[in-house]
Amino acid sequence: MANFDIRVIVEKALELPGVRINREEYLRREFSKDKYKKILDDIIKQGPIKAGIKHDDLEKHAKKSINLETTKATTLSFLSGLPGGVAMVGTIPADIVQFYGHVLRVIQKLMYLYGWYDINTDEMDDGITNIIIIFLGVMNGVEAAQQALKQLCVAITEKTTSSIAAKALTRAALYPVAKKVSAQMSVKMVNQAAAKGAAKVVPVIGGIVSGGLTILTFKPMSHRLLKELKEDSYDC
């Protein structure tokens, strides 16, 4: 069986083209309409909520991003479900890495919409990796991860950078939570890979099944994170 180390998968996924998202570029693109023109600089400096974006409006942007990434992930999953459609990345199936590449894109987009500053995935360290794992835990309904995210949210201020956030993670003794999430995610990914592998046995139908499995997991995961960030944003 493949080695489903979530840290390795995060690392591999971040190497895929387009997975790393620049916060300022994303927010400028997302709020490019004329009605945001006067507050666009405030959106970049303070985050959308502190700049005055209403929660209903913000949720529309969040759902648009979720729908876009769901469509992309499902399309790739369909293609990977076809026989011969996917190579291997070491001992990890490439479709798993691709799936989590889109998961990481959703995480970054929702983070930036709901007040987080650039986590600087170009300079990954254990602290930032743990933060990402906490977000993955929230997406998978891990209660300890939800509580950890609330603590992190409170620690985020206007001047918070990725390094400060990473230190906050250490101070709050959240590493054990990240370790717990990693173990649970490993089991889930083994099952996910087994289901996708079984689907590939039947040509074409395998692609449909694989795509269906993706949409049944990806969108609920994303909306679970959205729900948590919406609730936590009032405390940030």
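Structure shown above.
Residues numbered from 1 in each chain as written. Predicted model: local features only at pLDDT ≥ 70, side-chain atom pairs only at ≥ 80, totals over all residues. Heavy atoms only, no water.

Another aspect to go through is the overall build of the protein. When you go through the protein residue by residue, the secondary structure sums to 10 helices and 2 strands. Secondary structure elements of the protein occur, N-terminal to C-terminal, as α-α-α-α-β-β-α-α-α-α-α-α. When burial is assessed residue by residue, the protein has 49% of its 236 residues classed as buried. Accessible area for the protein stands at about 11300 Å²; split by element, carbon and sulfur atoms hold 57% of it. (Helix = DSSP H or I, 4+ residues; strand = E, 2+ residues; numbered from the N terminus. Buried < 20%, exposed > 50% of the residue type's maximum accessible area, 1.4 Å probe, protein only. Areas by Shrake-Rupley, 256 points an atom, 1.4 Å probe, with all protein chains shown as cover.)

An α-helix turns once every 3.6 residues. As a result, residues three or four positions apart point the same way. A rise of 1.5 Å per residue sets the reference length of helix α5 (residues 94–113), with its 20 residues, at 28 Å; its end C-alpha atoms lie 29 Å apart and thus fit the reference within 8%. The element α5 is largely enclosed, with a buried count of 19 among its 20 residues. Just downstream of α5, Gly 115 is the residue with a positive phi angle, here 100 degrees. (Expected span 1.5 Å × (residues − 1).)

Here the focus is the environment of Ala 145. By the element assignment, Ala 145 lies in helix α7 (residues 143–155). Taking the C-alpha atoms as reference, Ala 145 lies 5.3 Å from Ile 134; in sequence the two are 11 residues apart. Excluding its chain neighbours within four sequence positions, the residues that come into contact with Ala 145 are Ile 134, Gly 137, Val 138, Val 177 and Val 181. (Contact = heavy atoms within 4.5 Å.)

Applying the stated criterion across every chain, the model contains 4 aromatic pairs. Arranged with centres 5.0 Å apart and planes meeting at 75 degrees, the rings of Phe 99 and Tyr 100 form a pair that is edge-to-face. Tyr 100 matches Phe 99 in its accessibility class, with the two residues each being buried. Seen in terms of ring centroids, Trp 116 and Phe 135 are 5.2 Å apart; in terms of plane orientation they differ by 75 degrees. Their pairing is edge-to-face. In this pair, Trp 116 sits in the loop between α5 and α6 (126–139) while Phe 135 sits in helix α6, placing the two residues 19 residues apart along the sequence. The buried category is assigned to Phe 135, whose relative accessible area is 0%. Ring pairing ties together the aromatic residues Phe 99, Tyr 100 and Phe 218, which thus form one cluster. (Phe/Tyr/Trp six-rings, centres within 6.5 Å; stacked < 30°, edge-to-face > 60°.)

It is worth spelling out the pattern of salt bridges at this point. Should the charged atoms of two oppositely charged side chains come close, the side chains can pair. Enumeration according to the criterion identifies 11 salt bridges in this entry. The partner of Glu 228 in a salt bridge is Lys 150, and the shortest N-O contact between them spans 3.1 Å. One end of the pair, Glu 228, is in helix α10 (residues 205–233); the other, Lys 150, is in helix α7, with 78 residues separating them in the sequence. Judged by relative accessible area, Glu 228 falls into the buried class, the value being 7%. What makes Lys 150 partly exposed here is its relative accessible area of 28%. (Salt bridge = Lys/Arg side-chain N within 4 Å of Asp/Glu carboxyl O.)

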